[in-house]
Amino acid sequence: MPRGKASVQLYDTRSQNAAPIAVHGNNCASEEVKRDCALEAAEETELSEQIVDQLRMAYDELLNAPMPDHLQKLLTNLLDREDKS
Amino acid sequence: MSSESVRQGLISFLPNLRAFAIALCGDADRADDLVQDTMLKAWNSLDTFQEGTNLRAWLFTILRNTYFSECRRRRREVPDDGGEYVAQLCVPPAQHGCVDAQDVLRALGQLTDDQREALILVGAEGFAYEEAANICGCAVGTIKSRVNRARTRLSDLLGSDAQDFGPEPATEAVLLRASGSKLA
């Protein structure tokens, strides 16, 4: 079926509604391109969100890494010094 | 004299400062020095901190300013020589298979400094764009641009491996067999 020449109507056979749920007409090519672009954008967004999730997971490992003693002691000493002053 | 909330804040934000420092400079020892300098500077400048304002953002601002001052002083970029960036990180060895923490942190090291800090502040630490912009001393639009570019770059670097999310094939096969036996 050549693009832009014929009209294809899709019906939802599960529904009682006789109205077509999609019509592909003379704008078939541009609609497909739009759909492809939307899909591509959605995939990129999903990948981007997955990357951020991976970043958070890696960052969580850093957050949960053991704190070096000297840093903990530094803070404790500063707070203790203030308490004594 | 610091208030109880400030004292508790300094204690509770220490791991975040360290994580940020490690992700920023890629060197655990250097990060520890950075955090130490930050804590001392913050402590000596507590009279300039306004109670009720964002203590976490204030601490992060001190740390990132200290980092960039040090960078200018050292006059060199973050190294990434054959995994050395990752080798010095305090991240336990990951299991084989999927994108792991070391892959992500290695990729982070390949971003520019400003992109890396923007992505960490917004993407990992959860700062709002406005907060991150205040920390970095730039416009909100600039932060958004840096985050987008960083995210895109990270996606490119991890893109081929990013599809392998979830359990590795061997584990997944076990899970499939287990679910199949329940349905039988």
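That block above? That's the structure.
Residues numbered from 1 in each chain as written. Chains lettered and ligands numbered in written order. Predicted model: local features only at pLDDT ≥ 70, side-chain atom pairs only at ≥ 80, totals over all residues. Heavy atoms only, no water.

Our next topic: the overall build of chain B. Within chain B, the regular secondary structure consists of 10 helices and zero strands. Across the 184 residues in chain B, those meeting the buried criterion constitute 45%. A separation of at least 24 residues holds for 66% of the contacts in chain B among residues at least 6 apart in sequence. For chain B, the computed accessible surface area is about 9300 Å², with 49% contributed by carbon and sulfur atoms. (Helix = DSSP H or I, 4+ residues; strand = E, 2+ residues; numbered from the N terminus. Buried < 20%, exposed > 50% of the residue type's maximum accessible area, 1.4 Å probe, protein only. Contact = heavy atoms within 4.5 Å. Areas by Shrake-Rupley, 256 points an atom, 1.4 Å probe, with all protein chains shown as cover.)

If you look at the interface, chain B gives 40 residues, while chain A gives 26 residues. Between chain B and chain A, a total of about 3100 Å² is buried, with carbon and sulfur atoms accounting for 73% of that surface. Inspection of the chain B/chain A interface yields zero salt bridges. Connecting chain B to chain A are three residue pairs in polar contact (both at pLDDT 80 or more). Of all the secondary-structure elements, those providing two or more residues to the side of chain B that touches chain A are α1 (4-12), α2 (14-25), α3 (28-44), α6 (101-108), α7 (113-124) and α9 (140-162) of chain B. Top contributing element to the side of chain B that touches chain A by residue count: α2 of chain B, with eight residues. (Buried area = accessible area lost by both parts, 1.4 Å probe. Salt bridge = Lys/Arg side-chain N within 4 Å of Asp/Glu carboxyl O. Polar contact = N/O pair within 3.5 Å; in protein donor to acceptor, adjacent residues only side chain to side chain.)

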